[in-house]
Amino acid sequence: MRTSDWLAARVAAAVPDTAHGRVLTLAVPGWPGNAPGQHLDIRLTAPDGYQAERSYSIASSGPGESVEIAVDEIPEGEVSPYLVRVAEPGDALEVKGPLGAYFVWDAADPSPVQLIAGGSGIVPLLAMARARAAAGTGAPFRLLYSVRTAADALYRDEVERLGAAGLDVTWAYTRQAPTGWPGRVGRLDAEHIAQATWMPAQHPLTFICGPTSFVEAAADAMVAAGHDPARVKTERFGGA
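Now for a quick tour of the structure.

Analysis parameters
Residues numbered from 1 in each chain as written. Predicted model: local features only at pLDDT ≥ 70, side-chain atom pairs only at ≥ 80, totals over all residues. Heavy atoms only, no water. Helix = DSSP H or I, 4+ residues; strand = E, 2+ residues; numbered from the N terminus. Expected span 1.5 Å × (residues − 1). Buried < 20%, exposed > 50% of the residue type's maximum accessible area, 1.4 Å probe, protein only. Contact = heavy atoms within 4.5 Å. Phe/Tyr/Trp six-rings, centres within 6.5 Å; stacked < 30°, edge-to-face > 60°. Lys NZ or Arg CZ within 6 Å of the ring centre and 35° of its normal. Pairing = 2+ DSSP bridges. Axes fitted to C-alpha atoms, helices over the stretch in contact; angles between N-to-C directions. Salt bridge = Lys/Arg side-chain N within 4 Å of Asp/Glu carboxyl O.

So, on to helix 2 (residues 122-135). Taking 1.5 Å per residue as the helical rise, helix 2 with its 14 residues ought to reach 20 Å, and the 20 Å between its terminal C-alpha atoms agrees with that figure. By the criterion of burial, helix 2 is predominantly enclosed, with ten of the 14 residues buried. Of the residues making up helix 2, those classed as buried are Ile-122, Val-123, Pro-124, Leu-125, Leu-126, Ala-127, Met-128, Ala-129, Ala-131 and Arg-132. Buried residues belonging to helix 2 abut strand 4 (51-57), strand 5 (66-72), strand 7 (113-118), strand 8 (141-147), helix 3 (156-164) and strand 10 (205-211). Looking one or two places after helix 2, you find Gly-136, whose phi comes out positive at around 65°.

Quick look at the structure:
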């Protein structure tokens, strides 16, 4: 199977995770498996033949024909409102992938890893954190997860569980923090990023995912702090 081939798939499960986000499990016969950090394309076909395609990061990794994604709704979009509000188990769609070989974590790499997520950019980074936990490598991982409010955080409960199991998690709230939150509220700045991430001397491998402006600001801050640009990997999104 080539990654350029479209595969018939069906929704196996659709579980709300936030007021505007959903976790979907797709059954994809012939899926070859994927590495943590890769993505896929989804194609929807309307009864009149109109088609819409969007790319989504994959929250799962490894072998098997079950693929997990998480979708945050863009109200004016063509695809995300359907996946978040309409799709039900049994519904058909098509997928292409896995795609992307650059934004991928290799469990054989012992380097410290810094994950920086903005909103639904958590999805491929969660795949990496899950893979790290499953492999039992003990590779030091840190996650800086920026969300508007606690209620907007996809996979919040699982991130907390991974934190209790050895993932070093720092939350950042841009709009409103939980009651009793001791930290600042507002957009991440260079100082906040430096405080929450590995120091350049530790030579971490950094993965940043989120909206374009967030990714560019976070990557610029890491490089300005002295991190090797070649070890700061980015993935941005803007699809609907």
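With that settled, consider the packing of aromatic side chains. Applying the stated criterion across every chain, the model contains five aromatic pairs. Arranged with centres 4.9 Å apart and planes meeting at 90°, the rings of Tyr-173 and Trp-181 form a pair that is edge-to-face. Judged by relative accessible area, which is 1%, Tyr-173 ranks as buried. Here a set of aromatic residues connected by ring pairs shows up, and it is made of Tyr-145, Trp-171, Tyr-173 and Trp-181. The lysine or arginine in question, Arg-43, covers the ring of Trp-6, its NZ or CZ lying 4.3 Å from the ring centre. Taking NZ or CZ as reference, Arg-156 lies 4.3 Å from the ring centre of Trp-171, over its face.

This part covers the sheet that holds strand 4. In spatial order, the strands read 4-3-6-1-2-5; together these six strands make up an open sheet with antiparallel pairing. The sheet terminates laterally at strand 4 and strand 5, the two strands that pair on one side only. On average, each strand axis in the sheet is tilted by 35° relative to the strand beside it, whichever way the strands run. Here strand 3 (residues 39-45) pairs with strand 6 (residues 92-99) via four bridges, running antiparallel. Bridge pairing links Arg-43 to Glu-94 in strand 6.

Our next topic: the pattern of salt bridges. In the structure shown here, the tally under the stated rule is eleven salt bridges. Linking Arg-43 and Glu-94 is a salt bridge whose minimum nitrogen-to-oxygen distance equals 2.9 Å. Here the residue Arg-43 occupies a position in strand 3, and Glu-94 occupies one in strand 6, the gap between them amounting to 51 residues. Residue classification places Arg-43 among the buried residues on the basis of a relative accessible area of 14%. Relative accessible area serves as the criterion here: at 22%, Glu-94 is assigned to the partly exposed category.

Note that all results are geometric; they support no functional claim without further evidence.
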